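Listed below, chain by chain, are the residues.
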Amino acid sequence: MAVDPAIYRCSRLAMQLADEWIEYVAATRITEQSKVYEHAIDALCRYVDMVLGPISDGASLADSGLFDTLVKWELSLPEDYPPGSTKPYLIARSVRVLIIRRDDHRDRAVAAELARLARGPVLINSGETTERDEFTRPEKRAMVRAAWTSAHATRKRLNDGWARAARGRHPQHGSWTSVSDLLWGLAHEEITVEEVARIVPPSRDWSLELLEFVAGPGNLPHPQTARSALARQLLASLYPTTFDLHAFRVLLMDTTGHTSEEVTGFGEANVEFLPKGVRLTLLKNRAQRLRHRAFRDQESPHVPTSAEDADSQLNLDWPRREASEVVRRLMDLTAKVRAKAPHVTDTLFVCAVVRPDHNTVFDRWTPNASGTTFGSWLAAMNVKVKGTPHIGRLRKSGKVEKAILSEGRIAAAADDHTEETFAGHYAQGTTLRILSGHTIATAQQHWFDKALDRVDGPTVVTSGGDIDQEVLEDSGLSAHEADDIITGQLDMGVSHCKNPYQSPYSRPGELCSVAPLRCLECRNAWILPSNLPQLLLFKAHLERLRRLLAPQAFSRLWGQSWVNLKAVLDDRSPEELAQARKHIEAGQASLDLPLAAHTEFDA
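Definitions and limits used
- Residues numbered from 1 in each chain as written.
- Predicted model: local features only at pLDDT ≥ 70, side-chain atom pairs only at ≥ 80, totals over all residues.
- Heavy atoms only, no water.
- Pairing = 2+ DSSP bridges.
- Helix = DSSP H or I, 4+ residues; strand = E, 2+ residues; numbered from the N terminus.
- Salt bridge = Lys/Arg side-chain N within 4 Å of Asp/Glu carboxyl O.
- Buried < 20%, exposed > 50% of the residue type's maximum accessible area, 1.4 Å probe, protein only.

Quick question: what am I supposed to make of the sheet that holds strand S7 (residues 496–497) here?
Pairing between the strands of a sheet comes from backbone hydrogen bonds, and it takes one of two forms, parallel or antiparallel. Taken in spatial order, the 3 strands of this open sheet run S6-S8-S7, and their pairing is mixed. With one partner strand each, in any of the chains shown, strand S6 (459–460) and S7 form the two edges of the open sheet.

Would you mind going over the pattern of salt bridges with me for this structure?
Pairs can form between side chains of opposite charge once their charged atoms are near each other. Inspection of the entire model under this criterion finds 20 salt bridges. Between Asp160 and Lys156 there is a salt bridge, with the nearest N and O atoms lying 2.9 Å from each other. Taken together, the positions of Asp160 and Lys156, both in helix H6 (residues 137–166) and 4 residues apart, correspond to about one turn of that helix. Since its relative accessible area comes to 53%, Lys156 is described here as exposed. For Glu189, the salt bridge is made with Lys340, and the minimal N-O distance between the two is 2.1 Å. Here the residue Glu189 occupies a position in the loop between helix H7 (179–187) and helix H8 (193–199), and Lys340 occupies one in helix H14 (residues 323–340), the gap between them amounting to 151 residues. Here the salt bridges share partners, and the residues they tie into one network are Glu20, Glu23, Arg102 and Arg108.

I keep staring at unusual backbone geometry and nothing clicks. Help me out?
What you tend to see is this: most non-glycine residues have negative phi, and most peptide bonds are trans. In this structure, the amide linkage connecting Ala515 to the following residue, Pro516, adopts the cis form with an omega of 0 degrees. Its place among the elements puts Pro516 in the loop between S7 and strand S8 (525–527). Positive phi outside glycine occurs at Glu189, with the angle close to 55 degrees. If you check the backbone angles, His358 has positive phi at about 70 degrees while not being a glycine. Residue position: His358 is located in the loop between strand S4 (350–354) and strand S5 (360–364).

As structure tokens, this is what we get:
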């Protein structure tokens, strides 16, 4: 425990909070988040010591007199942080969590006023957070390829190390500067890393083989750290290191789509290999959810036919995106470490570490150890990413891909948490925002196309020459329909109708009952140049109705016909309109309308 109650005058209060913190960490198995609770306890105890002075040694969560001090401390937290920082809220909430846990325990006393304060809303705002963007598709593709490269290199290094150890013997009978002998001694547990660092002579007395083993060809190790580097290199030749396991976390997150917490939190007992895949038991501590998920193998690997095809693929892997293959390789890689760490059963992510005092530790993986972070791994694998190299962004990339594959359906993308969580934490990504815009644009185009397909207008044939059957067939009519129009059998007055028995205004099979008044709103109508005189007469009829009806009534009854009629007439040349008027004046054209068209306004 990093918090030492003895360093505070309010040691009793510090001990109470520290006890709750220890139990909380043990129950939830949180890692990085535990530091927030440690910092919160320290901040509160220092404030209590400063404000209460000598009487702070009596401070206790069972004392209601601490109420005002807690309130003032919480309100003072933002003073030490930049505007908008989220840390004051996190610190205040952490203390409240510990107080609530203590109050929930029947044998631990907490003043009623403090319990109510802890269970109420935090007195300061939560600050402003900026959601991390997901890795881009090229970044993720490069990351996955680098992970496979790293996994293969690790497997080869360990195979070579054990093969080399098999050719050695005990250094006392061989040489303390022979790599094979040193590996043999460590592999058979005849020597320790501490003995290697103590007994191996200084680097100036090393063989060329040993120098190249530690520093590489043409290089020399630093004399003061040479033996420590040798110890780490020897152990890394036999067992996976902290650095090696980053690749397997990337591959598991890519193949399963689950969080870093889940893919590094299942042990051998949580793995069940299927005939064509693997079933994993995954635990998400933060959500307290246990899931049993089966991941099926692919039927066959996908091989892009060209570089262009490869760029167009949403998800690529090397060699295949199979969770079962990654799990098998990880179990094989860590088998020897897990045999030396029987106390670790809840994770396959275990490794060997050489401590600064040259002690060897076989224990669970610590991904954020100094010098071996995820960002360090990306840099070592020459994978360049924009923004913070945080592993959580890889999870977001998987979520974006799932949303794309589900065509933007949140219910499908939020299959392992709530839709509210998806909207709050994963819907902020650039790709997802582009997808949302694409979805909106697609929906708008869909309804726009449907609007254009509405049954509200005729087809206008504007050929400058004679209208013959071939022209009508090229416009979309059948030979029979074109022939009937040419012979005048389908003339409805202001237009021709390709099928008056299939009117959208009458029952199928019945003769259209609204011709010619609604022909300008009907998809069955075909307007030819010969209909131009009747159209001018119909325009005069509609102009009469515009004078008789209120604007709202005319727009409701005849608005679409008026708009379509004006569009047809506006496309005609002045010469065509003048010729049509001459036909009307000569009595060669007439407009036959039903009686109702002339009497509906008499009343």
